Amino acid sequence: MTPAPLSILIVDDQPSVVAALEAVLRELFPEVELLTAGSAEEAWELVQRHRPAIVLCDIMLPGETSGLGLCQRIKSTPELASTYVLLMTAFDSAEWREAARQHRADAYLRKPFHVAELQEKLEAAFLALQSQPQFPQDLAPTALDELLQLLQVLMEIRSPALRQLSGQLYHCCQWLAEYAEGLAPRERLLLPRAGMVYPLGRLALPDSLLHEPMTREGHLAQELLVQIPLTAAAVCRQHSQLLALAPILEAVGENYDGTGFPRHLRAWDIPLPARLLRLAVDFEELLWSTSQEPLSVVAHLERFARQAYDPQLLPLLRQYAALRQTGEDARSVALHELQEGMRLLCDVQTRSGIKLLPSGTVLTSALIERLLRHHANDPIVGVLIVQPPAEES
């Protein structure tokens, strides 16, 4: 049985494929509402307006945005990230499957499709949707975001800089949530909001500490600063709409080696969202309180890998810092999007910690092939930050 009400959006530029899928789905799942679109742009409008539970989308679409781009856009939007995206393609190769995975597709379907396989994939989607932790009605993302905006106003009353920090933390956490492996869909929604709420804890500080970073060199900078995450967590526990953020905020002071606070957790015992938030907090607070460039701040934080920070997450922060520092000249791309002549703006590092190529490398076909081969056995962390070839920039 499928949960009701439920809707599926079919996205394909071939009317015959759309018609065939509609006919099959109406027979298999008559209670499901069907929507259709012929392009990524049309589909994006429907996704925002109707919030379908499942998007069944061809990878190759006409226009500026492909099916991969649509998938990434959906998954990068916090209130839409739980949408189940099933990508379809006639190109059934390891490269295309990897492209689908990097763009955070939930599943992959070969074309021409077989009815039994389509039914199996959609029943798996229904099961996944039913097993997701759901927001109760009064925890709907729109209502939560309205409350968070009110809290930002309270921060601004104390100091406009607090609201600025809140916004920067939201954007940093949103980026980390998009590319970090291992986060559940709900955690991807909660992490940016936890970042937004974190500065609320500074309202309990005296003026002399209001703009002091919580940590320096991996440890608490001043004993009273322990109140920042703990106060923010305590506030969240007093309101049902914020309750889910409290465990993330409370653990943000934990160090990877177990020397943090309040429970001296270490390594994998620290919740993944809290490890990511800690990176964002220390990065943004150092930028906020000093005149350093983003990549210089990351280089400073990297000195404390394995002491304060999860070493496997630091490459993600370096990628984000490269985008922040380079601005309009930088692009984040997946492996299959690499082209000869692109210049790396960030080191390419694998999950095992190997640095494959340094920042500044200009890509050749041989280097791209080397990256693809290595990625098959030791995946590259995050995305690649590049400057496009001169003719495109």
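It should be noted that the structure appears before, not after, this text.
So, here is what we can say about the structure in this document.

Reading the values: the criteria
- Residues numbered from 1 in each chain as written.
- Predicted model: local features only at pLDDT ≥ 70, side-chain atom pairs only at ≥ 80, totals over all residues.
- Heavy atoms only, no water.
- Helix = DSSP H or I, 4+ residues; strand = E, 2+ residues; numbered from the N terminus.
- Contact = heavy atoms within 4.5 Å.
- Polar contact = N/O pair within 3.5 Å; in protein donor to acceptor, adjacent residues only side chain to side chain.
- 1 Å grid on protein atoms, 1.4 Å probe; cavity = no way out; pocket = protein on both sides within 12 Å on 5 of 7 lines; lining within 4 Å.
- Points joined across faces, edges and corners; volume = space filled by probe spheres on them.
- Nonpolar A, V, L, I, M, F, W, Y, C, P; charged D, E, K, R; others polar.
- Axes fitted to C-alpha atoms, helices over the stretch in contact; angles between N-to-C directions.
- Parallel < 35°, antiparallel > 145°, perpendicular 65-115°, else oblique.
- Left-handed = near helix turned anticlockwise from the far one by under 90°.
- Pairing = 2+ DSSP bridges.
- Salt bridge = Lys/Arg side-chain N within 4 Å of Asp/Glu carboxyl O.
- Buried < 20%, exposed > 50% of the residue type's maximum accessible area, 1.4 Å probe, protein only.
- Phe/Tyr/Trp six-rings, centres within 6.5 Å; stacked < 30°, edge-to-face > 60°.

Within the secondary structure layout, Ser 39 lies in the loop between strand E2 (33-37) and helix H2 (40-50). Counting along the chain gives 24 residues from Ser 39 to Gly 63, while the straight-line C-alpha distance between them is 7.2 Å. The contacts of Ser 39, once residues within four sequence positions are left out, are Val 11 and Leu 61. At 3.2 Å, the side chain of Ser 39 forms a polar contact with the backbone nitrogen of Glu 42.

Next up on the list: the layout of surface pockets. Any space left empty among the atoms is revealed by the rolling of a water-sized probe across them. Here the second largest pocket is characterised by a volume of approximately 500 Å³. Considering the residues around the second largest pocket, the lining is formed by 30 residues, among which Pro 311, Gln 312, Leu 313, Pro 315 and Val 381 are closest to the centre. Sorting the residues of the lining of the second largest pocket by element identifies helix H11 (272-289) and helix H13 (314-326) as the ones contributing at least two each. Per-element tally for the lining of the second largest pocket: the top contributor is H13, with 4 residues. Grouping the constituent residues of the lining of the second largest pocket by class yields 14 nonpolar, 7 polar and 9 charged.

Now for the packing of helix H7 (residues 160-179) against helix H8 (residues 185-197). Packing of H7 against H8 brings their axes to within 7 Å, and their N-to-C directions diverge by 160 degrees. What the angle tells us is that H7 and H8 run roughly antiparallel. As H7 runs across H8, the sense of the crossing is right-handed. Between H7, through Ser 166, Leu 169, Tyr 170, Cys 173, Gln 174, Ala 177, Glu 178 and Tyr 179, and H8, the contact on the second element is made entirely by Arg 188, Leu 191, Pro 192, Arg 193, Gly 195 and Met 196. Class assignment of the residues belonging to the contact of H7 with H8 gives a composition of 8 nonpolar, 3 polar and 3 charged.

What follows covers the pairing of strand E12 (residues 384-387). Note: strand E8 (residues 331-333) against E12, 3 bridges, orientation antiparallel. Note that in E12 the partner of Ser 332 across the bridge is Ile 385. Strand direction decides the pairing type here: strand E9 (residues 343-344) and E12, joined by 2 bridges, are antiparallel. Considered in E12, the bridge of Arg 343 is made with Gln 387.

Using the criterion set out here, one finds 17 salt bridges in the structure. Notably, a salt bridge pairs Arg 237 with Glu 250, separated by 3.3 Å at the nearest N-O pair. In this pair, Arg 237 is assigned in the loop between helix H9 (227-236) and helix H10 (246-250) and Glu 250 in helix H10, connecting sequence segments 13 residues apart. Of the residues examined, Glu 250 reaches a relative accessible area of 25% and is grouped as partly exposed. Close ionic contact of Glu 369 with Arg 373 constitutes a salt bridge, the shortest N to O distance being 4.0 Å. You can see Glu 369 and its partner Arg 373 sitting in helix H14 (residues 365-377), 4 residues apart, about one turn around the helix. Counted as one network, the salt bridges with shared partners bring together Asp 12, Asp 58 and Lys 111.

Taken as a whole and judged by the stated rule, the model has 4 aromatic pairs. Residues Phe 29 and Phe 126 carry aromatic rings whose centres are separated by 5.0 Å and whose planes lie at 90 degrees to one another, so their mutual orientation is edge-to-face. Linking Phe 29 in the loop between helix H1 (15-28) and E2 with Phe 126 in helix H5 (residues 115-131), this pair joins segments that are 97 residues apart in sequence. Residues Phe 29 and Phe 126 agree in their burial class; the two are buried. Pairing Phe 283 with Tyr 320 gives two aromatic rings, centres 6.1 Å apart and planes at 75 degrees, and the pair type is edge-to-face. Remark: Tyr 320 occurs in helix H13 and Phe 283 occurs in helix H11; sequence separation between them is 37 residues.

This structure, assessed with the given rule, holds 5 cavities of 30 Å³ or more. There is about 60 Å³ of room inside the largest cavity. Lining of the largest cavity is provided by Lys 75, Ser 76, Thr 77, Pro 78, Ala 81, Arg 104, Gln 174, Ala 177, Glu 178, Arg 188 and Pro 192. Counting only elements with at least two residues in the lining of the largest cavity, the list comes to H7 and H8.

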